[in-house]
Amino acid sequence: MFFSLKQQVHYKAMLLALLLVSFTLSSRPVMSLVPNQCNDQCGTIQIPFPFHLNISCPSISTAFHLSCLNSTTLYLHIGFKTYRVLDFFSDGVLVDFAGTTGCRQYNDLNAFGFTKNDHFGISGDNVLGLYDCEDSSLCKAACETNDLPGCDGNNGGSLGCCYPLSDHSIWHFGDGFSFFSKFGCRGFTSWVVSRGTNTGKRGVKLEWAIPRNISDRICANNADMVNATTIEAGVRCLCKDGFVGDGFAKGAGCIKACIKEGQEAYGKECDGPKHSHKKLVILAGVLAPIFILVSLFLFLCILKRPVKPGSFQLDQARYNSTLSFRKGCRTRLFSYRELDEATRAFEDSQMLVNDKNGTIHAGILSDGSHIAVQKVQCETERDLIDVLSRIELISSVVHRNLARLVGCCIESGSTLLVVYEYPANGTLEKHLQYSKGQKFVLDWYKRLRIATEIASILAYMQYEIAPPIFHHGLKLSDYVFLDVDFSVKISGLALLSSGCGDGHNNYENDVYDFGLLLLEIISGNKYTNMPTVALEKIKSGKLEEIVDPSLSYHEQPITRREQIETVADIATRCLLFGADAKIGMIDVAKELVHIAKEGNKKGPEFEETFSNSSLLQMISMSPDSIHVP
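Bear in mind the structure is a predicted one, so any value in this text is a computation, not a measurement. (Residues numbered from 1 in each chain as written. Predicted model: local features only at pLDDT ≥ 70, side-chain atom pairs only at ≥ 80, totals over all residues. Heavy atoms only, no water.)

Asker: Mind showing me how you'd approach the overall build of the protein here?
Answerer: A tally of regular secondary structure across the protein gives 12 helices and 27 strands. Of all intrachain contacts in the protein linking residues separated by at least 6 positions in sequence, the fraction that spans at least 24 positions is 65%. For the protein, the accessible area works out to roughly 30600 Å², and carbon and sulfur atoms hold 53% of it. (Helix = DSSP H or I, 4+ residues; strand = E, 2+ residues; numbered from the N terminus. Contact = heavy atoms within 4.5 Å. Areas by Shrake-Rupley, 256 points an atom, 1.4 Å probe, with all protein chains shown as cover.)

Asker: Before we go on, may I ask you to explain the packing of aromatic side chains in this structure?
Answerer: Where two aromatic rings form a pair, the distance of their centres and the angle of their planes describe that pair. Enumeration over the complete set of coordinates arrives at 21 aromatic pairs. With 6.0 Å between their ring centres and 20° between their planes, Tyr 336 and Phe 346 make a pair best called stacked. Separated by 10 residues along the polypeptide, Tyr 336 in helix 4 (residues 336-342) and Phe 346 in the loop between helix 4 and strand 21 (351-355) bring together distant segments of the chain. Grouping aromatic residues by their ring pairs yields a cluster made of Phe 49, Phe 51, Phe 64, Phe 88, Phe 120, Trp 208 and Phe 248. The ring of Phe 346 has Lys 375 lying over it, and the distance from NZ or CZ to the ring centre is 4.3 Å. Directly above the aromatic system of Phe 486 lies the positively charged group of Lys 446, at a separation of 5.3 Å from the ring centroid. (Phe/Tyr/Trp six-rings, centres within 6.5 Å; stacked < 30°, edge-to-face > 60°. Lys NZ or Arg CZ within 6 Å of the ring centre and 35° of its normal.)

Asker: How should the environment of Thr 145 be read in this particular structure?
Answerer: With respect to the helices, strands and loops of the structure, Thr 145 is situated in the loop between strand 9 (126-131) and strand 10 (162-164). With 53 residues separating them along the chain, Thr 145 and Asn 198 place their C-alpha atoms 7.1 Å apart. Each residue touching Thr 145, except ones within four places of it in the same chain, is listed here: Asn 198 and Val 398.

Asker: I'm lost on a nonpolar patch on the surface in this one. Help?
Answerer: Nonpolar side chains collect at one region of the surface, where Leu 283, Leu 287, Ile 290, Val 294, Phe 297 and Leu 298 lie side by side and expose about 570 Å² of accessible area between them. With respect to the secondary-structure elements, Leu 287 resides in helix 2 (residues 274-304). Under the relative-accessibility criterion, Leu 287 is labelled partly exposed at 47%. (Patch = residues over 30% accessible without salt bridge, like charges linked within 9 Å, V, L, I, M, F, W, Y side chains within 5 Å. Salt bridge = Lys/Arg side-chain N within 4 Å of Asp/Glu carboxyl O. Buried < 20%, exposed > 50% of the residue type's maximum accessible area, 1.4 Å probe, protein only.)

Asker: How should I be thinking about the sheet that holds strand 4 (residues 73-78) in this particular structure?
Answerer: Sheet strands pair by backbone hydrogen bonding; their relative direction is either parallel or antiparallel. Within the open sheet, the 6 strands sit side by side as 3-4-5-6-13-8. Their pairing is antiparallel. The sheet is open, and its two edges are formed by strand 3 (66-69) and strand 8 (120-122), each paired on a single side. Taken over all neighbouring pairs, the strand axes of this sheet differ in orientation by 45° on average, direction set aside. (Pairing = 2+ DSSP bridges. Axes fitted to C-alpha atoms, helices over the stretch in contact; angles between N-to-C directions.)

Asker: Honestly, the sheet that holds strand 19 (residues 263-266) in this entry has me stumped. Any pointers?
Answerer: The strand order across the open sheet built from 3 strands is 17-18-19, with neighbouring strands paired in antiparallel fashion. Each edge of the open sheet carries a strand with a single partner, namely strand 17 (243-244) and strand 19. Bridge count between strand 18 (residues 255-260) and strand 19: 4 bridges; the pairing is antiparallel. For Ala 257, the partnering residue across the bridge sits in strand 19 and is Tyr 266.

Asker: Quick question: what am I supposed to make of the pairing of strand 3 here?
Answerer: For a regular strand, side-chain orientation follows a simple rule: the groups alternate between the two sheet faces. Where strand 3 lies against strand 4, 4 bridges are found, and the strand directions are antiparallel. Counterpart to Ser 67 in the pairing with strand 4 is Tyr 75. Hairpin connection, strand 3 to strand 4: the antiparallel pair is bridged by 3 residues, and Asn 70 has positive phi, about 55°.

Asker: Looking at this structure, how should I read the pattern of salt bridges?
Answerer: Note on pairing: side chains with opposite charge can pair once their charged atoms come close. Scanning the model with the defined rule gives 14 salt bridges in all. As a salt-bridge pair, Lys 201 and Asp 87 come within 2.5 Å of each other at their nearest N and O atoms. You can see Lys 201 sitting in strand 12 (residues 200-202) and its partner Asp 87 sitting in strand 5 (residues 81-88), a full 114 residues away along the chain. Glu 341 is the salt-bridge partner of Arg 337, the closest N and O atoms lying 3.2 Å from each other. Placement of the pair is Arg 337 and Glu 341 together in helix 4, with a separation of 4 residues, close to one helical turn. Looking at Arg 337, the relative accessible area reads 63%, which means it is exposed. Residue Glu 341 is classed as exposed on the basis of its relative accessible area of 53%. Each of the salt bridges in this network shares a partner with another, and the network as a whole consists of Asp 91, Asp 125 and Lys 205.

Asker: Please explain unusual backbone geometry as it appears in this structure.
Answerer: Leave glycine aside and you will find that most residues have negative phi; peptide bonds, for their part, are mostly trans. Along the chain, Phe 49 connects to Pro 50 via a cis peptide bond; the corresponding omega equals 10°. Tracing the backbone shows Pro 50 in the loop between strand 2 (45-46) and strand 3. Even without glycine at this site, Phe 486 takes up a positive phi of about 60°. Considering the arrangement of structural elements, one finds Phe 486 in the loop between strand 26 (480-482) and strand 27 (488-490).

Asker: What is the right way to read the state of the cysteines from this model?
Answerer: A disulfide bridge is the covalent bond that connects two cysteines by way of their sulfur atoms. Scanning the entire structure with this criterion turns up 7 disulfides. Between the sulfur atoms of Cys 38 and its disulfide partner Cys 57 the distance amounts to 2.3 Å. What sets the handedness of the Cys 38 and Cys 57 disulfide is the S-S torsion sign, and at about 125° it is right-handed. Taken together, the residues Cys 38 in the loop between helix 1 (5-26) and strand 1 (41-42) and Cys 57 in the loop between strand 2 and strand 3 connect sequence positions 19 residues apart. (Disulfide = S-S within 2.5 Å.)

Asker: In this structure, what is going on with the packing of helix 7 (residues 444-463) against helix 10 (residues 558-577)? I would like to understand it.
Answerer: Put simply, helix 7 and helix 10 touch, their axes get as near as 11 Å, and they point 35° apart. Crossing geometry of helix 7 relative to helix 10 is assigned as left-handed. Taken together, the residues of helix 10 that come into contact with helix 7 (itself represented by Trp 444, Tyr 445 and Leu 448) are Arg 560, Gln 563, Ile 564 and Val 567. Here the contact of helix 7 with helix 10 is composed, by residue class, of 5 nonpolar, 1 polar and 1 charged. (Left-handed = near helix turned anticlockwise from the far one by under 90°. Nonpolar A, V, L, I, M, F, W, Y, C, P; charged D, E, K, R; others polar.)

Here's what the structure looks like:
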């Protein structure tokens, strides 16, 4: 059965209401860490059990004794090392690097200087950013979706190589950070990302535990003894369901927790008439079926309401309702006036792209944010539904080389405006044109990295996303945005092309288009007869005649000229064999990554260009590990 857009909106809104009711009834109280019995405090940091400052304070072991310097800074002593304490967790403590005097972007692999013992171990909740690794097989894609702050507290930017310690395929509990030297990594940064969240805190989380052989009768009533994750033969106490606290007999123990009159309550506040809870259960049992029946009745009434054939008058309020239940889209709803002012009424001087995928205009919002606005014309109601589904899919993909989708807007009910981030360095096309007559403005190594990152994100979207996402128009360098580090941000995906048709044709189109883009990167030109001219020159051995003069082809070392020739050969094969599906984007990405990795061994210039970059990680995994359907 096909529902109109309006019917879908009402139906999904009711489902959302049901979910909210269920969530409200099932929510549980959460109580933060309580201080130890001595109420120890260092500055603003409350110290929970079993940690303590005063040696006479009840605890379990001297291993948890801390020191407070100048009443502001808290330290943990392990062996001969001293670590500054940043935060506490119910199962661990967040510390800084031993002897650290200031925040550094990266630390040496041996800088942490920790050896596991009976009380502390490196937690699997840590996420690492590894620096300048020679082997990218340890890099993982999933952890890049985390919000990891830098030294200044702001976003830490793209990670060269991201590895969560919760992944047990390479690093194992008990290993130190120097383990990663096996992969040629030179340094690392660490964040703790607690389970169930995607926000990181800078530092190293150490799990703590009590040796099992001294743990008799340490747990309070209503607490269970649980095994530690990273410390062999280590245990902790955990309060049972319905109770909160630290779980230890010498600590705060476990107290009863409940919801009373809509508020969290603890201890004696939870004691009340025994029949009150029973009444609440009975009342909920009566009201829930009534609510469901009323909702179903309203839904049937909506289905029976006549919908005027051919009507397509969607206003901003209805679109707002559509976005409200599409939680995965995570986009902001803009007014048309905001975007009209940002783009100077979409004047031609602000236009970046004008092709079959729509137009893209650059703009600046009132808060100073730079954006790119893509206009997509929706001729029918089905078009709009398809585009919204496409936006939801794209917004769920978080990748360092995909321009972030900021928000949406509907103009006059039929034109959808999609808003992307617009990085500081503008478009690749702008830099290719600016390089003309200049020397090494956009040098070969930047171009090689850009080409490899473009191939990587295309391969990722085609082979790792279900359903696959195709660009349908990347032959234009206008769609390639560049950030301050000249890292790629792809934009302008074809929102009206769902990719559900002939899959092979979709693959072929993107491969062929990428071949054209490679030629533009090599030559700095995007004239219409580029394929014909380029192929003739390459075939006759006159590649240097199409290479961008600013690259000074004949002055380049032989290794760089060989790289340019190899990339030109890849472009040629994309044009000749992409249409026959004899070469796929995964093959192109692998070849370019190999060229980049080989180039990294050729000289210091390349290494300097690629330091701290994500290129050598390709799609954040080993090229050989990518699944090819």
